[in-house]
Amino acid sequence: MTKSPRACVIGNPISHSLSPKLHGYWLKRYDLPGEYTSLQVAEADLENVLRTLPEQGFVGVNVTIPHKVDVLQYADQITDRATLIGAANTLTFKEDGRIFADNTDGYGFISNLRQGAPDWNPKSGPAMVFGAGGAARAVIVALADAGAPEIILTNRTRAKAEALRADFGARIRVVDWVQAGTALKDAGVLVNTTSLGMKGAADFKVSLDELRPETVVTDIVYNPLRTPLLTTAEKLGCTTVDGLGMLLHQGVPGFERWFGKRPEVDEDTRQAVLA
Ligand code: NAP
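This structure is a prediction, so every number in the text was calculated from the model and none was measured.

Draft legend 1. Just the sheet that holds strand E3 (residues 58-63), in detail. The mixed open sheet is built from 6 strands, whose spatial order is E2-E1-E3-E5-E6-E4. The sheet is open, and its two edges are formed by strand E2 (35-40) and strand E4 (77-78), each paired on a single side. Bridge count for E3 against strand E5 (residues 90-93) is 3 bridges, and the pairing is antiparallel. Residue pairing for E5: Gly60 is matched across the bridge by Thr92. Along the sheet face, helix H1 (residues 19-29) touches strand E1 (6-11), E2 and E3 and points at about 170° away from the line of E2. In this fold helix H10 (residues 252-259) packs onto E1, E2, E3, E5 and strand E6 (99-102), with an angle of close to 10° to the strand it touches most, E5.

Draft legend 2. Looking closely at unusual backbone geometry. Between Asn12 and the following residue, Pro13, the backbone shows a cis peptide bond with an omega angle of 5°. As for its placement among the helices and strands, Pro13 is situated in the loop between E1 and H1. Here Ile65 and Pro66 are connected by a cis peptide whose omega angle stands at 10°. Position of Pro66 relative to the elements: it lies in the loop between E3 and E4. The phi angle at Asp31 is positive, at roughly 55°, despite the residue not being glycine. In this fold, Asp31 is placed in the loop between H1 and E2. A residue is classified by how much of its surface remains accessible, and Asp31, at 69% relative accessible area, is exposed.

Draft legend 3. Main features of the pattern of salt bridges. Taken as a whole and assessed by the stated rule, the structure comprises 16 salt bridges. The partner of Glu214 in a salt bridge is Arg212, with the nearest N and O atoms 3.5 Å apart. The exposed category is assigned to Glu214, whose relative accessible area is 55%. Overall, the relative accessible area of 31% leaves Arg212 in the partly exposed class. Arg226 serves as the salt-bridge partner of Glu234, at 2.8 Å between the closest nitrogen and oxygen. Its relative accessible area of 35% is what places Arg226 among the partly exposed residues. Ionic contacts of the salt-bridge type, sharing partners, join the residues Arg81, Asp102 and Arg257 into one network.

Draft legend 4. Spotlight on the packing of H1 against H10. At their nearest, the axes of H1 and H10 sit 11 Å apart, and the two run at 50° to each other. The angle between the axes of H1 and H10 places the two elements in the oblique class. Considering how the two elements wind past one another, H1 and H10 form a crossing that is right-handed. Side by side, H1 and H10 meet where His23, Trp26 and Leu27 of the first sit next to Val252, Phe255, Trp258 and Phe259 of the second. Considered class by class, the residues forming the contact of H1 with H10 number 6 nonpolar, 1 polar and no charged.

Thresholds applied
- Residues numbered from 1 in each chain as written.
- Predicted model: local features only at pLDDT ≥ 70, side-chain atom pairs only at ≥ 80, totals over all residues.
- Heavy atoms only, no water.
- Pairing = 2+ DSSP bridges.
- Helix = DSSP H or I, 4+ residues; strand = E, 2+ residues; numbered from the N terminus.
- Contact = heavy atoms within 4.5 Å.
- Axes fitted to C-alpha atoms, helices over the stretch in contact; angles between N-to-C directions.
- Buried < 20%, exposed > 50% of the residue type's maximum accessible area, 1.4 Å probe, protein only.
- Salt bridge = Lys/Arg side-chain N within 4 Å of Asp/Glu carboxyl O.
- Parallel < 35°, antiparallel > 145°, perpendicular 65-115°, else oblique.
- Left-handed = near helix turned anticlockwise from the far one by under 90°.
- Nonpolar A, V, L, I, M, F, W, Y, C, P; charged D, E, K, R; others polar.

Here's what the structure looks like:
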């Protein structure tokens with residue numbers, strides 16, 4: 001008899017992760033055999049855990065902070081997008097224990113944006129990205145893939161934005177954090193990938209006076225769901241897209257690979273995760 005597939009999310013800490021709720025909901029919704037749990041893994045134990053999970057019936061894992069970069073060194077096969085981003089969030093264990101690494105954060109980001117702002121045309125104008133951390137890499141790759149003609153990138157620490165430009169090429173134009181407010185007027189889409197606006201973090205204080213109502217505004221911070229950035233943008237008449245959907249959509253490829261069914265991301269999924 002085939003054992004029912006097991007998957008989990010690994011990170012340190014891990015108790016905050018919404019992935020068990022998400023995958024648990026989908027397993028129930030589609031009446032599929034299998035389980036999805038969470039596992040706190042210290043940095044020193046990472047390799048050992050990855051080598052032993054397949055023996056325990058695990059078919060894959062999602063990976064979160066702080067392991068997204070380190071897992072790549074244990075992977076036997078890495079997708080182009082994970083290589084480009086320099087990190088993986090979705091590992092699949094082959095039957096012989098070999099590890100296939102993918103990064104679905106950019107896919108999750110762009111799928112959420114397309115679902116929340118169906119009229120947005122990525123080719124219609126520059127994308128303005130705030131932040132140059134780990135998440136920004138996935139967002140930039142996804143925007144470039146989607147056909148954004150230019151990516152205007154700004155970060156408190158300018159050198160990190162310059163480093164991303166060096167990695168991802170000339171389509172990126174770096175602007176100073178203090179000039180970000182004036183660069184906004186050109187944007188077809190504005191994306192916050194910094195932690196500003198997150199519960200417990202500093203506020204997003206860049207002036208939005210130059211923002212046009214035609215600009216689509218999305219925040220990848222999802223706690224709170226309506227960040228101050230989204231609230232202000234909404235008042236200015238912009239279409240806004242919150243960050244929860246990025247998390248939901250990034251889970252789709254892993255779930256499909258591990259449990260054999262491509263799951264829907266819809267309002268019921270959102271409510272199940274928020275419950
Ligand atoms: P990270 O690598 O630590 O990067 C943090 C970014 O925030 C950097 O650009 C940093 O700028 C900036 N920042 C932090 N404090 C700042 C401040 N006081 N003023 C200006 N900029 C500041 O983090 P990450 O992994 O990219 O994650 C960023 C956010 O995205 C987090 O809130 C995370 O929860 C969220 N996220 C959401 C999803 C989703 O599925 N929706 C996925 C991944 C991440 P410096 O370089 O100057 O420090």
